[in-house]
Amino acid sequence: MEESLYSFENFSHEQALILGVKAQQIVKEENLKAVGIRIVYKDLLVFQYLMDGKKEDNWLKRKAKTVLDSGHSSYYVYCHQEDYQTWMDDESYAICGGGYPIIENGQCVGAICISGLKHGDDHELIVRILKEMEDAR
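First, a word on what this report is: a plain description of the structure on this page. Since we're looking at a predicted model, the values are computed, not measured.

Each value, and the rule that gives it
- Residues numbered from 1 in each chain as written.
- Predicted model: local features only at pLDDT ≥ 70, side-chain atom pairs only at ≥ 80, totals over all residues.
- Heavy atoms only, no water.
- Salt bridge = Lys/Arg side-chain N within 4 Å of Asp/Glu carboxyl O.
- Helix = DSSP H or I, 4+ residues; strand = E, 2+ residues; numbered from the N terminus.
- Buried < 20%, exposed > 50% of the residue type's maximum accessible area, 1.4 Å probe, protein only.
- Pairing = 2+ DSSP bridges.
- Axes fitted to C-alpha atoms, helices over the stretch in contact; angles between N-to-C directions.
- Contact = heavy atoms within 4.5 Å.
- Phe/Tyr/Trp six-rings, centres within 6.5 Å; stacked < 30°, edge-to-face > 60°.
- Lys NZ or Arg CZ within 6 Å of the ring centre and 35° of its normal.

Scanning the entire structure with this criterion turns up 9 salt bridges. For the salt bridge of R128 with E30, the shortest nitrogen-to-oxygen distance reads 2.7 Å. Of the two residues, R128 sits in helix α5 (residues 119-136) while E30 sits in the loop between α2 (13-29) and β1 (36-41), which places them 98 residues apart along the sequence. Since its relative accessible area comes to 39%, E30 is described here as partly exposed. For the salt bridge of D57 with K61, the shortest nitrogen-to-oxygen distance reads 3.5 Å. By relative accessible area, which is 17% here, D57 ends up buried. K61 sits in the partly exposed class, given a relative accessible area of 43%. Salt bridges sharing common partners tie together K22, E30, R128 and E132.

Moving on, we come to the sheet that holds β1. As summarised here, the arrangement of the 4 strands in space is β2-β1-β4-β3, forming an open sheet in which the pairing is antiparallel. The open sheet terminates on both sides in strands that have one partner only, identified here as β2 (44-50) and β3 (99-104). Strand after strand, the sheet turns through a mean of 15° between neighbouring axes, direction not considered. Bridge count for β3 against strand β4 (residues 107-115) is 6 bridges, and the pairing is antiparallel. Bridge pairing in β4 places I103 opposite C108. Each of β1, β2, β3 and β4 touches helix α3 (residues 58-70); the most contacted strand, β4, lies at about 155° to it. Against the sheet, α5 makes contact with β3 and β4, and its axis sits at roughly 120° relative to β4, the strand it touches most.

Attention now moves to the packing of aromatic side chains. All told, the structure shown has 5 aromatic pairs when counted by the stated rule. Measuring from centroid to centroid gives 3.9 Å for W87 and Y93, while their planes differ by 5°, and the two rings are stacked. Comparing W87 with Y93, the two get one shared label, buried. Ring pairs connect the aromatic residues F8, F11 and Y41, which therefore count as one cluster. Geometry around W59 places R62 over its ring, the cationic atom sitting 4.2 Å from the centre.

Backbone phi values are negative for most residues with the exception of glycine, while trans is the configuration of most peptide bonds. One non-glycine residue with positive phi stands out, namely N31, at about 55°. Relative to the helices and strands, N31 is located in the loop between α2 and β1. Of note, D43 is a non-glycine position whose phi angle comes to about 70°, a positive value.

This is the structure:
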């Protein structure tokens, strides 16, 4: 249900930039652990930022694949592992929180991914930013 609350009529590269920068600002202002942020939209990497200390983006790619292949957040997949048993031993997926679908007109067209905090906190940070963006509309 949460995923349907934060959907878009039209997502844009500008919104990806705003979302990514907001995530970086929150992490910095709240003195959280360094994170990587990746936003994929319609098969394009439209935003990626690795904070100082982050050296690779493998978890971000895995979370994005999980979202794009399931159409749900990676946290949803984590909570419904029994439905995704074949993915459990596949290292191209991330069965944990931190990947969130970009839903445009009812279709999953991209993924917002954060990695570096506890996986539930990665998920909550994305939801928090999406809620703030929705409230600002």
